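So the chains spell out like this:
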Amino acid sequence: MTTSPAESSAPSFAMPEPGRSGLLPEALRRRLHPDPTVRRLAGVTLVNTVGNGLSLSVAVLFFTRVLGLSAAQLGFGMTAAGLCGVVASVPAGRAADRWGARRVLVALVSAEAVGTAGYVFVHSYPAFVLLACAVSAVDRGSSAARNALYAEVLPADRRVAGRAHLRVVTNIGICLGTGLGAIALQLDTRAVYLSAILADAVSYVAVAVLLHRLPVVTAAVAAESRDRAGTPGASGTEGDSGAAARSGTANPSDPVDKGVKQGRRGNPALRDGPFLVVTALCSVLGLQFAVLEVGVPLWIVQQTDAPRITVAGSLVVNTLMVIALQVRATRGTEERPAAARACRRAGLLLAASCLVLALAHGLPGILAGLVVLAGIALQSLAEVMGQAGGWALSYDLAGERGHGAYQGVFNAGTAAALMAGPALVSTAVIGFGPAGWAVLGAVLAAAGLAMGPAVRWAGRRDARLPAA
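A. Looking closely at the packing of helix H6 (residues 159-187) against helix H13 (residues 309-329). The N-to-C vectors of H6 and H13 enclose an angle of 160°; their axes lie 8 Å apart at closest approach. Of the possible angle classes, the one that applies to H6 and H13 is roughly antiparallel. With respect to the hand of their crossing, H6 and H13 are arranged in left-handed fashion. Seen from H6, the contacting residues are Ala-164, His-165, Arg-167, Val-168, Asn-171, Ile-172 and Cys-175; seen from H13, they are Thr-319, Val-322, Ile-323, Gln-326 and Val-327.

B. Structural detail: the state of the cysteines. Scanning the entire structure with this criterion turns up zero disulfides. No disulfide involves Cys-343; its sulfur sits 4.8 Å from that of Cys-282, the nearest cysteine. Using a relative accessible area of 0% as the deciding quantity, one classes Cys-343 as buried.

C. Geometry of the pattern of salt bridges. As enumerated under the stated definition, the model contains five salt bridges in all. Note that Arg-461 is salt-bridged to Asp-272, the shortest N-O span being 2.7 Å. Placement of Arg-461 in helix H17 (residues 434-464) and of Asp-272 in the loop between helix H10 (255-262) and helix H11 (273-285) is noted, with a sequence separation of 189 residues between them. For Arg-461, a relative accessible area of 16% translates into the label buried.

D. Inspection of H13 at higher detail. Here H13 is 21 residues long and its end C-alpha atoms lie 29 Å apart, about the 30 Å a rise of 1.5 Å per residue gives. Largest kink in H13: about 35°, centred on Ile-323. Those residues of H13 that sit buried are Thr-310, Ser-314, Asn-318, Thr-319, Met-321, Val-322, Gln-326 and Ala-329. Residues of H13 that are buried sit in contact with H6, helix H12 (287-303) and helix H15 (365-396).

E. Focus on the confidence of the model for the protein chain. Looking at the protein chain as a whole, the pLDDT averages 83, with 81% of positions reaching at least 70. Below a pLDDT of 50 lies the segment residues 1-28, which in the model reaches 82 contacts outside its immediate sequence neighbourhood of four places, other chains included. Under a pLDDT of 50 for its full length, residues 219-263 has, in the predicted model, 56 contacts with residues more than four places off or in other chains.

F. Spatial organisation of the packing of aromatic side chains. The final tally for this structure, using the stated rule, is eight aromatic pairs. Here the aromatic residues Phe-62, Phe-63, Tyr-119, Tyr-125 and Phe-128 are joined through ring pairs into a cluster of three or more. Positioned over the ring face of Tyr-395 is Arg-159, at 5.7 Å from the centre of the ring.

G. How the structure looks around the nonpolar core. With 51 residues, the main nonpolar core has Val-278, Trp-437, Leu-440 and Met-451 as its most contacted residues. It is helix H14 (residues 336-359) that contributes the most residues to this core, ten residues altogether. Setting aside its immediate chain neighbours within four residues, Trp-437 contacts Val-291, Gly-295, Trp-299, Cys-354, Leu-357, Ala-358, Val-429 and Ile-430.

Rules used in this analysis
- Numbering of residues begins from 1 in every chain and follows the order in which that chain's sequence is written.
- This being a predicted model, a pLDDT of at least 70 is required before a residue's local features are given, and a value of 80 or more before pairs of side-chain atoms are given or counted; all residues contribute to the totals for chains, interfaces and linings.
- Working from all heavy atoms in the structure, the side-chain values ignore hydrogens and water.
- Every axis corresponds to a line fitted to the C-alpha atoms, with the helix fit spanning only the stretch in contact, and the corresponding angles, defined between N-to-C directions, vary from 0 to 180 degrees.
- Helix numbering and strand numbering both begin at the N terminus, where a helix is a DSSP run of H or I of at least 4 residues and a strand a DSSP run of E of at least 2.
- Roughly parallel refers to an angle under 35 degrees, roughly antiparallel to one over 145, roughly perpendicular to one between 65 and 115, and oblique to any angle outside these ranges.
- Note on convention: the crossing is left-handed when the near helix lies turned anticlockwise from the far helix by less than a right angle, right-handed when the turn is clockwise.
- Contacts are residue-level and defined by heavy atoms, with any inter-residue pair within 4.5 Å sufficient.
- In what follows, a disulfide is any cysteine sulfur pair within 2.5 Å.
- Classification of residues uses two cut-offs on accessible area relative to the type maximum, computed with a 1.4 Å probe and protein chains only: under 20% is buried, over 50% is exposed, and between them is partly exposed.
- Take a side-chain nitrogen of Lys or Arg and a carboxyl oxygen of Asp or Glu: if they are within 4 Å of each other, that pair is a salt bridge.
- To estimate how far a helix should reach, multiply one less than its number of residues by 1.5 Å.
- Two axes enter the definition of the bend at a residue: one is fitted to the seven residues ending there, the other to the seven starting there, and the bend is the angle between them.
- The pLDDT score gives, residue by residue, the confidence of the prediction method on a 0 to 100 scale.
- Classification of ring pairs uses Phe, Tyr and Trp, with its six-membered ring standing for Trp, and accepts pairs whose centres are within 6.5 Å; under 30 degrees between planes counts as stacked, over 60 as edge-to-face, and the remaining range as tilted.
- Placement of a charge over a ring requires the Lys NZ or Arg CZ to be within 6 Å of the ring centre, with the centre-to-atom vector within 35 degrees of the ring normal.
- By convention a nonpolar core is built from buried Ala, Val, Leu, Ile, Met, Phe, Trp, Tyr and Cys residues, the set being connected through side-chain atoms within 4.5 Å.

Structure below.
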């Protein structure tokens with residue numbers, strides 16, 4: 001499953017310190033992340049994704065039955081909104097570099113709360129399209145700023161593992177929110193749908209408050225402070241600023257300094273050839289989400305005799321495997337070659353998954369369902385590997401400066417895949433049957449295999465750069 005995790009931190013939502021709460025079962029305490037920053041981010045993510053899961057469950061019926069939109073109107077509006085999300089990612093990342101990731105993220109999440117609540121007051125189609133575009137823009141922008149925040153507050157050697165933990169929390173939150181959404185769908189009244197949308201808006205308010213209260217001591221500054229412990233001026237802000245001044249680099253904890261050093265230059269990520277290629281390849285691998293959410297349901301219903309319940313079963317298999325394997329899949333991906341190998345394996349597994357899904361065509365019902373679930377299992381393995389490798393490369397190729405710019409560009413690629421994927425899979429793949437799956441598999445395998453040469457290109461480029 002995929003969604004964009006956000007964050008939170010009010011007293012009622014804060015994640016407890018391990019061993020401090022006698023109310024928590026021992027098994028649950030053992031599962032809490034040892035890093036207090038990751039625990040706080042996990043609390044924020046849980047609040048956000050429960051709200052997202054609730055609204056996603058009821059969104060289509062809310063838009064069509066409450067707002068009165070036709071399927072064509074909804075499709076056009078969502079496509080326009082997706083395009084706005086692609087465009088917004090890059091400037092949002094630059095803003096995070098200039099004014100600080102947390103500050104920008106709080107502003108964007110607050111805007112998303114207002115925009116989400118605004119759906120309740122929409123009474124015309126033009127107003128819906130404008131609002132959907134605005135909400136999508138701040139949503140994808142907040143994703144870029146959030147990923148930059150992770151780079152600021154988590155040490156480089158623990159960023160990918162931290163994001164894997166948050167992704168597990170994301171899947172849990174979406175499941176909980178979807179369960180609440182199922183209740184709303186069963187009640188099936190206008191008041192319940194409106195309440196669900198407003199509850200999602202309230203969750204964004206909680207996230208903004210929690211983010212505002214999140215203490216941001218950047219990983220770079222914390223490491224520098226530890227290295228200089230016991231030296232004069234090492235523990236204070238003046239010492240950090242002085243060190244930055246002596247080294248000639250921006251203080252990563254000072255948004256104003258970052259704006260002076262970085263904000264007046266062009267976007268470095270857009271001039272980084274290897275990074276752009278890696279972003280494009282990760283975007284191609286990201287088509288797997290359209291396969292899971294659109295392609296597989298259409299394939300099951302239109303082209304196989306598998307039981308309809310297989311649609312739900314495929315989502316359950318994917319969710320459980322991501323929860324169980326995502327953290328484990330990040331181990332050993334900190335180095336570029338290992339991250340590239342993870343992406344290569346992901347591409348090959350996705351190709352195998354496409355071929356297995358194609359085999360379900362023409363098989364008897366139960367057997368077709370089992371073959372589909374086997375294909376989903378392969379895709380889920382590819383998903384956790386591809387995400388781990390992609391996260392690692394998106395941070396590593398950026399170095400330790402300009403994370404907002406780099407994450408903005410990387411997030412734009414992800415948003416483009418999420419926007420174009422459903423139409424591509426539903427027409428070019430499902431429309432051509434098993435041959436369509438074979439072509440898609442070949443494209444995904446090629447993307448995975450191309451990751452190694454792209455990363456080696458980045459290594460040669462770095463070797464030619466003068467030492468800092």
